[in-house]
There are 2 protein chains.
Amino acid sequence: MGHKRGKIVTLVDVAAKVGVSRMTVSKVMRDVGNISEETRLRVKRAADELGYLPNSLAGSLSSRKSRMVGVIIPSMSDIVFSEVLSGVTAVLRPRGFHTFIGESHFDPDVEAGLIREMLSLQPAGLLLNGGTARSRDAQRLLEKRNCPAIQLWDCDNTDLDFSVGPSHAEAGHLVAMHFLARGLRRIAYVGAELEKDLCARSRYVALRLSLAAAGVELVEVTSETTPRQAATGRTLTQQLMRADPDTQAIHYLNDAMALGGLSYLHEAGIAVPGQISVVGFNGTSIPNTVRTRLTTIDMQRTAIGEMAAHALLTMLANANTERSWRATLHLVQGNTTTAV
Amino acid sequence: MGHKRGKIVTLVDVAAKVGVSRMTVSKVMRDVGNISEETRLRVKRAADELGYLPNSLAGSLSSRKSRMVGVIIPSMSDIVFSEVLSGVTAVLRPRGFHTFIGESHFDPDVEAGLIREMLSLQPAGLLLNGGTARSRDAQRLLEKRNCPAIQLWDCDNTDLDFSVGPSHAEAGHLVAMHFLARGLRRIAYVGAELEKDLCARSRYVALRLSLAAAGVELVEVTSETTPRQAATGRTLTQQLMRADPDTQAIHYLNDAMALGGLSYLHEAGIAVPGQISVVGFNGTSIPNTVRTRLTTIDMQRTAIGEMAAHALLTMLANANTERSWRATLHLVQGNTTTAV
DNA sequence: TGAGGCGATGTTATCGATAACACCATAACG
DNA sequence: CGTTATGGTGTTATCGATAACATCGCCTCA
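Counting from 1, residues in each chain are numbered in the order their sequence is written. Chains carry letters from A onward and ligands carry numbers from 1 onward, assigned in written order. Given that this is a predicted model, residues contribute local features only at a pLDDT of at least 70 and side-chain atom pairs are listed and counted only at 80 or more, while totals for whole chains, interfaces and linings are drawn from all residues. In computing side-chain values, all of the structure's heavy atoms are included and hydrogens and water are not.

### Some words on the protein's contact with DNA strand D
Heads up, the condition is: The criterion for a residue being near a molecule or strand is simple. One of its heavy atoms has to lie within 4 Å of it. As used in this structure description, the phrase polar contact means that two N or O atoms lie within 3.5 Å; if the pair is within protein, one of them must be able to donate a hydrogen and the other to accept it, and residues adjacent in sequence are counted only when both atoms belong to side chains. Helix and strand assignments come from DSSP, with helices taken as H or I runs of at least 4 residues and strands as E runs of at least 2, each series counted from the N terminus. For this scheme, ten residues count as nonpolar: Ala, Val, Leu, Ile, Met, Phe, Trp, Tyr, Cys and Pro. Four count as charged, namely Asp, Glu, Lys and Arg, and the remainder, Gly too, count as polar.
In the vicinity of DNA strand D lie 27 residues, with Thr24 of chain A together with Leu11, Ser26, Tyr52 and Ser62 of chain B positioned nearest. Put simply, 68% of the atoms of DNA strand D that lie within 4 Å of the protein are in sugar or phosphate. Ala58 of chain B places a polar main-chain atom, nitrogen or oxygen, 3.3 Å from a base nitrogen of DNA strand D. If one sorts the elements of the surface near DNA strand D by residue count, helix α4 (residues 56–63) of chain B sits on top with five residues. Per-class residue counts for the surface near DNA strand D are 10 nonpolar, 12 polar and five charged.

### Considering the domain arrangement of chain A
Residue and element names in this part refer to chain A. Heads up, the condition is: How far each domain reaches was decided by an automatic or database domain assignment. In this description, contact between two residues means that some pair of their heavy atoms is separated by no more than 4.5 Å. Buried area adds together the accessible area that both of two parts lose upon being put together, with accessible area traced by a 1.4 Å probe. Each reported salt bridge corresponds to a side-chain nitrogen of Lys or Arg within 4 Å of a carboxyl oxygen of Asp or Glu.
Taken domain by domain, chain A holds domain 1 (11–54), domain 2 (68–166 + 301–327) and domain 3 (168–298). Distance between the C-alpha centres of domain 2 and domain 3: 29 Å. Facing the 15 residues of domain 2 at the interface are 14 residues of domain 3. Together, the buried faces of domain 2 and domain 3 total about 1100 Å²; carbon and sulfur atoms form 53% of this surface. Interface area lost by domain 2 to domain 3 is led by Phe106, Gly131 and Arg301, which between them contribute 40%. At the boundary of domain 2 with domain 3, the tally comes to zero salt bridges. At the junction of domain 2 and domain 3, the tally comes to five residue pairs in polar contact (both at pLDDT 80 or more).

### Considering the sheet that holds strand β9 (residues 277–279) of chain A
Residue and element names in this part refer to chain A. Rule in force here: When DSSP finds two or more bridges between a pair of strands, those strands are recorded as paired. Note on definitions: angles span 0 to 180 degrees between N-to-C directions of axes, and those axes are lines fitted to C-alpha atoms, for helices only across the stretch in contact.
In space, the four strands of this open sheet follow the order β7-β6-β8-β9, with parallel pairing throughout. At either end of the open sheet lies a strand with only one pairing partner, and these are β7 (218–223) and β9. Adjacent strand axes in the sheet meet at a mean angle of 20° when their direction is disregarded. The pairing of strand β6 (residues 187–192) with strand β8 (residues 249–252) spans four bridges and is parallel. Bridging across to β8, Ala188 finds its partner in Ile250. Its contacts with the sheet put helix α10 (residues 230–243) on β6, β7 and β8, and the angle it makes with β7 is roughly 135°.

What follows is the structure, given as structure tokens:
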């Protein structure tokens, strides 16, 4: 294998080498307590020479404090969530915290399993991404936890200690207002996997209700079997436009699907935003790096991750905070004049 | 806060409730040893009623075995690496292993720090992504480890116990052959952050050397200050084409940059692949979901992650394997006839 | 019938650290 | 000169589990 199976260097070895008690070594390593500068240096050097590496498992067990934070997101290959994750670790890592990740794939049972496993690792905190329905099992587990838990990506859900994210209901409403303000009335929604993703569904429902309030009916074209990606957006848009050629506006579940849709619309010679108005969701950089300018809702994904991490840190510092942080929703207008 | 700070349920509590020793409970929870069906059930039920959750930190400390695997990747917001990660967790999670993540951002010192922290968590194994230079500190740390470590994303580097990934040198050579076979002689390379990313640099160098062997000089247009993204690819391509309008072929550091390049080329009225031949790297789905068909090298990212995980599992099972798995390189040909 | 096997459970000794407190010089102080 | 801080260090008792071995009926077979 190449790696040593040999003896592990522990506090005891360092202590023996220096001729002090292991408590002294422990204090030196953690920079606590009163240690004379001289012994401090001797210990440091001995530790270095022996290649001593503290065992944080033992430390955590003893102090009943860990520096591990569990994060559960629906999927890692979706850039949206991995950017949130990136924000989280960017804040936590420099402060000595480690994140371990779980992918729920929008499955409540998987999520519950992950929560169980994570709690058994005695985390300092838990960050749970919205979108997945919280099973009863998961709720029971969470009640027993002895660490703060934060709801990510959805500030409408306030079951946990803190929520960070947008109001998806508000986002849906925002899109409705955007369309209505332009006098558009033949409006469609294109999405996928809505049965699983509660956040997306919440936006869809809000859009539908807000439109209904204005007497406008929403056409829905969705698929539960294909992924929420460009290809699906393209197919569904084609399907939609054939069934209802007079469609004036489309809201997509996310930017990727919108991009697929734009691709079809352009090919079919339908001008955007001339003939049809398109709104995506997320504000991912992909569509905008090239020549498309997609109207979308910017989700400040990294900021949400960072904010959640900060909230967690605050709760760990003073165990009294209880609030939530609502991400502001920006509808970024682009004008899609060129092909995708 | 909402979460209980109260008493923690341990083995002892369950044991007391059932009237057996804690060892018995421990065995039941882990499904080992000989336990009568009757006590097994009683223990299970008591554990459930008390809401007992095993403390895996304590378990790991005692058994000197953990089920945590540390993974270090350069960046999580780069979809390439997060897909590798996704493959890793897809294999490890169902087997009871947890992955904790570190982002090195191609910084050797950050990587060393991450390795140190991860080792102190007593991981079952370590997966280190290629690309980042391994600092001397990191090497010293790795020598002291007592768990298998696997090199990801780069099979040319065989410092660790196992390597999974492509040969970047080979990839560069492959591209050279692709161009030369087509009789192209004015060839350029467009990339970014080459000083940091050793894998990318290795491809670049191999390309240059293979071309030189055929008497062809490679034009290099790179930037160290802008990110490896579409926008940079676009800018650099523009710069390249102005300086050298007769360029016949361009190899890009990755697909995103290639996409940016294509966008410029199309706008400038330069036909691809008619006037100029373009090859990207990675085989990400982004370019292909729309209407572009980019010639690229498919990296089977998820497969690499899965393979690495399997290799790790194998090494944990029988501590004698020592090999490497070389990902096959597919050059996927597309014909970019339409605009981006 | 007594050695041995076996299924089921309990005992003891860690694992590597930390919290909390005890201890003991020496310095400061009234 | 006894009394109290205080800086520096050591002791003891966990933390929550597991490995390894011990134990103890009870059954089997030579």
